[in-house]
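In case you want the letters, here they are:
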Amino acid sequence: MRLRAPQRTGVVFFPAFDWAIDPTHPEREERLLYTRDQIFEEGLLDIEGVVEYPPRVAAMADVERVHTGVPDLETHTSPSHLVSAGGAIEAARRVLDGDVERAFALVRPPGHHARRVVHGLRGFCVINIEAVMIEHLRSHYGDLRVAVVDTDCHHGDGTQDIYWHDPDTLFISIHQDGRTLYPGSGFPDEFGGPNAFGTTLNIPLPPGTTDDGLLHVVDHLVLPVLEEWKPDLVVNSAGQDNHFTDPITDMAITAQGYATLTRRLRAHVAVLEGGYSVQSALPYVNTGILLAMAGLDTSAVVEPDYHPDLLRMGERSRQYIERLCELMLEKFLRRDALRAEAVRGRTHLEETRSVFYDGAGIREQQHERVRVCDDCGGAVVLESWENPARKVLTVELPRRCCPACRAQGEDAFHRATTDEYALVELHDRPHDRVERKRRAGG
């Protein structure tokens, strides 16, 4: 008798044969070829209720909703990036259209290190495929309240940057401590912008964290937060480089740990991010995630190098994780009072920061000014430059933008000239449009 999935589940597969940073780089097509072989050999696509869908191609308009490119987005975006983002969109649309209950986008290139402004490659990422997916959904299905739970081993700093000021997007990142791993960020005091205070939660875990530590975070922090916040859609940025065999990280998670996380999180859409143990982990982790999303038994999923006696977490790490979860949950529940204290007497907040692009070898400088607002996400004005002669300015008007923020944002856009900036963009989210002014030859 044919096996039937209790939860109808879609899978979108795109290994990006024609895109690689270089032939020997960890981020290469083999990451998914072994997974595809494993899925075929295990007969997962023969299970009734597990359905494969071809990816669609994202439009440049989808990418422009999220990013400003320097000098433009076309310079950085390959066809593979558009199919990877389109694969995530296809997976999510199948869920929202009711074709399946859950969907897994097994796609590459990854995207969670790509920030609002793109000067080049950083952290193997150019286009933030989850953000492109979410904003596509909002443009077609209305104002969704979305939670992104990023379980990649690296802090999802790009997704955090994109949604830092968005009160309708909850971003939770569980990752190896940034003091020990790229990109060096993702600490508990990074808690969201002044109008979205408490919608960014970072859980840095000590190197060597095992399944028990990761699942403690899910049970004692992530699930209570989701229960209180009540998202319409839960997205899992499903990086797999927490696996104990991953060559570029230092964690101790197993395929069973990932499967259990997936079963408990019950995300509507999972999107592959990192994971570089090409043969020893990814085929088994991806199989476990897909089976768990479909509501099927995962107990037989065991990777070849699994030796439970070698995967032990110290008592000190266990106590740290338990205490961190207690503090972060308490902080999340007090977010409104903490926000009131943080913005008291302030009309605007300004910040200057530096962003390093490891893949492009450049350093970007940013200056950001946001209006403190009780009625919307606030007008955001962001200056960015790698070369002062090519400075760009972006203005973002949030969804449900209030009249005062619209007036300030539009004024900033209209006053900015191409004498001062090579590119000026207005991202008008309520009207789903991007308006730009570009210096001749810039």
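All values derive from a computational prediction rather than experimental measurement. (Residues numbered from 1 in each chain as written. Predicted model: local features only at pLDDT ≥ 70, side-chain atom pairs only at ≥ 80, totals over all residues. Heavy atoms only, no water.)

A.B. asks: What is the right way to look at the side chain of histidine 136 in this model?
C.D. replies: Considering the arrangement of structural elements, one finds histidine 136 in helix H4 (residues 129-141). Residues contacting histidine 136, with those up to four places away along its chain left out, are Arg56, Asp62, Arg65, Ile89 and Arg93. (Helix = DSSP H or I, 4+ residues; strand = E, 2+ residues; numbered from the N terminus. Contact = heavy atoms within 4.5 Å.)

A.B. asks: So what exactly am I meant to see when it comes to unusual backbone geometry here?
C.D. replies: Generally, phi is negative for residues other than glycine and the peptide bonds are trans, each holding for most cases. Here the residue pair valine 70 and proline 71 is connected by a cis peptide bond, since its omega of 5° sits within 30 degrees of zero. Among the secondary structure elements, proline 71 is positioned in the loop between strand S3 (68-69) and helix H3 (79-96). Residue proline 109 is reached from arginine 108 by a cis peptide bond, and omega for that bond is 0°. Positioned with a positive phi, arginine 400 is a non-glycine residue whose angle comes to about 55°. With respect to the helices and strands, arginine 400 occurs in the loop between strand S14 (392-397) and helix H11 (403-415). Here arginine 400 falls in the partly exposed class, since its relative accessible area comes to 47%. Phi angles above zero are rare outside glycine, and aspartate 432 is one such case at about 50°. Tracing the backbone through its elements, the reader meets aspartate 432 in the loop between strand S15 (423-428) and strand S16 (433-438). With relative accessibility at 40%, the residue aspartate 432 sits in the partly exposed group. (Buried < 20%, exposed > 50% of the residue type's maximum accessible area, 1.4 Å probe, protein only.)

A.B. asks: Honestly, helix H9 (residues 315-333) in this entry has me stumped. Any pointers?
C.D. replies: Because an α-helix completes one turn every 3.6 residues, residues spaced three or four positions apart along the sequence face the same direction. Counted at 1.5 Å a residue, the expected span for H9 with its 19 residues is 27 Å, and the 28 Å between its end C-alpha atoms agrees. Of all the residues in H9, the buried ones are Ser317, Ile321, Leu324, Cys325, Met328, Leu329 and Phe332. Take H9 and look down its axis: the buried residues cluster within an arc of 125°, on one side only. Exposed residues lying more than 90 degrees from the buried face of H9 are Arg316 and Leu333. (Expected span 1.5 Å × (residues − 1). Arc of directions from axis to C-beta.)

A.B. asks: Help me understand the layout of surface pockets in this model?
C.D. replies: With a probe scaled to a water molecule rolled over the atoms, the places where space remains empty come into view. If you add up the space inside the largest pocket, you get close to 480 Å³. Every residue lining the largest pocket is counted, 32 residues in all, and those nearest its centre are Asp166, Pro167, Asp168, Asn195 and Ala196. Taken together, the elements giving at least two residues each to the lining of the largest pocket come down to H4, helix H5 (157-163) and helix H10 (335-343). Residue contributions to the lining of the largest pocket peak at 3 residues, all from H10. Looking at the lining of the largest pocket, its residues break down into 12 nonpolar, 5 polar and 15 charged. Lining the second largest pocket are 19 residues; nearest its centre among them are Arg115, Gln160, Glu190, Glu351 and Arg353. (1 Å grid on protein atoms, 1.4 Å probe; cavity = no way out; pocket = protein on both sides within 12 Å on 5 of 7 lines; lining within 4 Å. Points joined across faces, edges and corners; volume = space filled by probe spheres on them. Nonpolar A, V, L, I, M, F, W, Y, C, P; charged D, E, K, R; others polar.)

A.B. asks: When you look at the state of the cysteines in this model, what are you seeing that I'm missing?
C.D. replies: Note: disulfide means a covalent bond formed between the sulfur atoms of two cysteine side chains. Evaluated as defined, the whole model comprises 0 disulfides. A disulfide-free cysteine, cysteine 376 has its sulfur positioned 3.6 Å from the sulfur of cysteine 405, the nearest such atom. The class of cysteine 376 is buried, set by a relative accessible area of 8%. Of all cysteine sulfurs in the structure, the one in cysteine 402 sits closest to cysteine 405, which takes part in no disulfide; the separation is 3.6 Å. (Disulfide = S-S within 2.5 Å.)

A.B. asks: Sorry, what's going on with empty space enclosed by the protein here?
C.D. replies: One pass over the full model with this rule turns up 4 cavities of 30 Å³ or more. The volume enclosed by the largest cavity comes to roughly 100 Å³. Around the largest cavity, the lining is made up of 13 residues, and of these Thr68, Arg116, Thr394, Glu396 and His427 lie nearest the centre. Mapped by element, the contributors of at least two residues to the lining of the largest cavity are strand S13 (380-385) and S14. With 3 residues, S14 is the single largest residue contributor to the lining of the largest cavity. Of the residues that constitute the lining of the largest cavity, the class distribution is 5 nonpolar, 4 polar and 4 charged.

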